[in-house]
Amino acid sequence: MKLIIAWIGKTKEPAIQSLTDEYLKRLSHYVDAQGMSIKDESVLLKLCGREARPVRHNLVLLDSRGKQLSSEEFAGFLRNHQDRSPLPLLFAVGPANGFNAETRQEANLLLSLGKMTVAHELARVVLLEQLYRAFTILKGHPYHLGH
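Residues numbered from 1 in each chain as written. Predicted model: local features only at pLDDT ≥ 70, side-chain atom pairs only at ≥ 80, totals over all residues. Heavy atoms only, no water.

**Q** Can you lay out the environment of threonine 117 for me, pointing to particular residues and giving the numbers?
**A** Looking at where threonine 117 falls in the secondary structure, it is placed in the loop between strand 5 (109-112) and helix 5 (120-139). Threonine 117 sits in the exposed class, given a relative accessible area of 80%. In this structure, the C-alpha to C-alpha distance between threonine 117 and serine 64, residues 53 residues apart in sequence, is 7.6 Å. (Helix = DSSP H or I, 4+ residues; strand = E, 2+ residues; numbered from the N terminus. Buried < 20%, exposed > 50% of the residue type's maximum accessible area, 1.4 Å probe, protein only.)

Structure below.
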């Protein structure tokens, strides 16, 4: 299974970049994971479109109107994808004002981190931590038991 975590725009805070790097490193023990900064939504759509080369991706967008999952449900989502689809999962954190309607329509899943508003750079870190937590749940690692 391959994961790509993409975010629009450059990282402004060194602490955010440090946490991003730390969770990508932790994730690499369980899955092929890559982080990438992209310029805008058009780049994201090209990665996921029918003409995408070398491979298409299943797109999961972070969106406040999306589906809310518990950590265990999120782990189940990842397991189902791993068992049923050879396509990489591309998680995308949008710009501060959210994704446009065209991009949201292309998504395989709209995922909400909760009802509270979270700064988009911080949302990336929360997403990475939840991805790491989900893989520890799937592998029976005790990290999740400390909640």
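Having seen it, we continue.
**Q** Hey, could you go over the pattern of salt bridges for me, with residue numbers and the actual values?
**A** Under the definition given, this model contains 5 salt bridges. Here arginine 26 makes a salt bridge to glutamate 22, at a shortest N to O gap of 3.0 Å. One end of the pair is arginine 26 and the other is glutamate 22, both in helix 1 (residues 14-27) and 4 residues apart, which spans about a single turn. Of the residues examined, arginine 26 reaches a relative accessible area of 26% and is grouped as partly exposed. Among the salt bridges present, the one from glutamate 129 reaches arginine 133, with a minimum N-O distance of 2.9 Å. One end of the pair is glutamate 129 and the other is arginine 133, both in helix 5 and 4 residues apart, which spans about a single turn. Neither residue differs from the other here; glutamate 129 and arginine 133 are each classed as buried. Salt bridges here are not isolated pairs; linked through shared partners, they connect Asp63, Arg65 and Arg104. (Salt bridge = Lys/Arg side-chain N within 4 Å of Asp/Glu carboxyl O.)

**Q** Account for a nonpolar patch on the surface, with residues named and values stated.
**A** On the surface, Leu113, Val118, Leu122 and Val126 cluster together into a nonpolar patch covering about 280 Å² of accessible area. Residue position: valine 126 is located in helix 5. (Patch = residues over 30% accessible without salt bridge, like charges linked within 9 Å, V, L, I, M, F, W, Y side chains within 5 Å. Areas by Shrake-Rupley, 256 points an atom, 1.4 Å probe, with all protein chains shown as cover.)

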